[in-house]
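# Inside the fold
The residues making up each chain are set out below.
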Amino acid sequence: MKEFDYVIIGGGCAGLSLAYELEINDKLINKSLAIIEPREEYKRDKTWSFWKVFDHNFEDCVIKSWNNFTINTKENSKELTNKDFPYQSIDSGKFYDKIHSKLARNSNINFYENLNDINSENSIIFNSVFEGDLNKSNLWQHFQGIEIETTKDVFNEEIMNLMDFNCEQRNQVHFFYTLPFRKNRALIETTWLSDFKDRSFMDYDQQLESYIKINLGIKNYNLKFKEKGAIPLFYPAKIKDGLVINIGSAGGMTRLSTGYTFLNIQEHSKYITNNIDIIKKVKKFNIGKKYEFLDKIFLRVLKNNPEKMPDIFFKMFQCSPDTVIKFLSNKSNMFDDLKIISKMPKLIFLKALFKS
Ligand SMILES: Cc1cc2nc3c(=O)[nH]c(=O)nc-3n(C[C@H](O)[C@H](O)[C@H](O)COP(=O)(O)OP(=O)(O)OC[C@H]3O[C@@H](n4cnc5c(N)ncnc54)[C@H](O)[C@@H]3O)c2cc1C
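Quick look at the structure, then. Predicted, not measured: the structure shown is a model, and the values here were computed from it.

### Observations regarding the environment of Lys64
Along the chain, Lys64 turns up in strand E4 (residues 62-66). Taking the number of C-beta atoms within 10 Å as the measure of exposure, Lys64 has 21 and is therefore buried. As a C-alpha pair, Lys64 and Pro310 span 246 residues in sequence and 26 Å in three-dimensional space. Ignoring anything within four residues of it in the chain, the contact list for Lys64 reads Ser89, Leu179 and Phe181.

Dropping the structure here:
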């Protein structure tokens, strides 16, 4: 069986981002790479959105950027401007196409369906696949989004809605968001932060239909794309690095308080590429112990006080948008952190802190 210098298990966002980063930095000229991926076809399956806090390789896959956004609760509404850090959405179909056409030009890179198809005994292995089942009683961010086309121009394409809590909460944290790509086209998502066992929250089709008709007042539209997902808001019990280097969601690249993962994956890919010759010896990459600690407290507050969360998120945005965006994108300094903390209700956060 064929041997490879590097093996990437899982050719999804993290696996392909890493392969691309290695390739464009000429790290695969004299080295071989096997990507293990069972899926039969690549097509748009996700829309990755994030605050662009640093440059990335996929600007040409961005469907839309926004410099203005709103956040709504039942009582309040706020419009904010984010000129320095645009909010971007990437079409995963474009991302897959771009990477595949680049990788196809290097014969040192091969795709396989199964790890058993190759000899990986002496390879450096990067893994993006979770081991075993994840605990469904823990907190998850689960959601469904649909991209719709309306018969009339109804959206303001300059302003995206980041969070709209003006909806049924069912004693959980529930919000919608709307990304208007054009005046007559938008991605609308229903998002829950709850356990992943209770199926009563998963009537996503009805939630979306009622939100679009009642809240957005849109009667006629065509469905163009649908996506569904569940992101664990906890790290897998053992992210065991050493023999293999875990990447992507399985490698702890999800920011637990937000579910944002895409840009962390890009940063991790750059870190691995810069250190590829000494990768087993360098410090393991993480998105910041500070954020792990703060998110743990934040999620504890969220789990125990779901009814307070709309107000808490709203209050957070009383800080300048740049401060909040840097905080949510793990790029805040101590002063930013203190500004955010100062907006939080003290008692419930202190209680959560002492419980940890
Ligand atoms: C619908 C959806 C929308 C999301 N939106 C956002 C967003 O807007 N912003 C953001 O920052 N994050 C978002 N995320 C979270 C995160 O960015 C994505 O989940 C991202 O795809 C994670 O990358 P990954 O490589 O870890 O996992 P994946 O992209 O899921 O890649 C894992 C790959 O492993 C393959 N695989 C599975 N089993 C095996 C096996 N046994 N052997 C080998 N390969 C296997 C899969 O086919 C897949 O291709 C979203 C997630 C989902 C599901």
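Continuing now.
### Remarks on the pairing of strand E1 (residues 6-9)
Neither face of E1 is open: one carries Tyr6 and Ile8, the other Val7 and Ile9, and all of them are buried. Relative to strand E2 (residues 33-36), E1 runs parallel, the two being bridged by 4 bridges. Paired with Val7 across the bridge in E2 is Ala34. Across 4 bridges, E1 lies against strand E9 (residues 124-127) in parallel orientation.

### Quick look at the sheet that holds E2
Judged by pairing direction, the sheet is parallel, and its 5 strands sit side by side in the order E8-E2-E1-E9-E15 without closing on themselves. Looking at the sheet topology across the chains shown, the edges are occupied by strand E8 (109-112) and strand E15 (244-246). Averaged over all pairs of adjacent strands, the angle between their axes in this sheet comes to 20 degrees, without regard to strand direction. With 3 bridges connecting them, E9 and E15 associate as parallel partners. From the neighbouring strand, Ile125 faces E15, where its bridge partner is Val244. Relative to E2, helix H1 (residues 13-24) is tilted by about 165 degrees, and along the sheet it contacts E1, E2, E8 and E9.

The rules behind the values
Residues numbered from 1 in each chain as written. Predicted model: local features only at pLDDT ≥ 70, side-chain atom pairs only at ≥ 80, totals over all residues. Helix = DSSP H or I, 4+ residues; strand = E, 2+ residues; numbered from the N terminus. Buried ≥ 20, exposed ≤ 12 C-beta atoms within 10 Å, placed from the backbone. Contact = placed C-beta atoms within 7 Å. Pairing = 2+ DSSP bridges. Axes fitted to C-alpha atoms, helices over the stretch in contact; angles between N-to-C directions.

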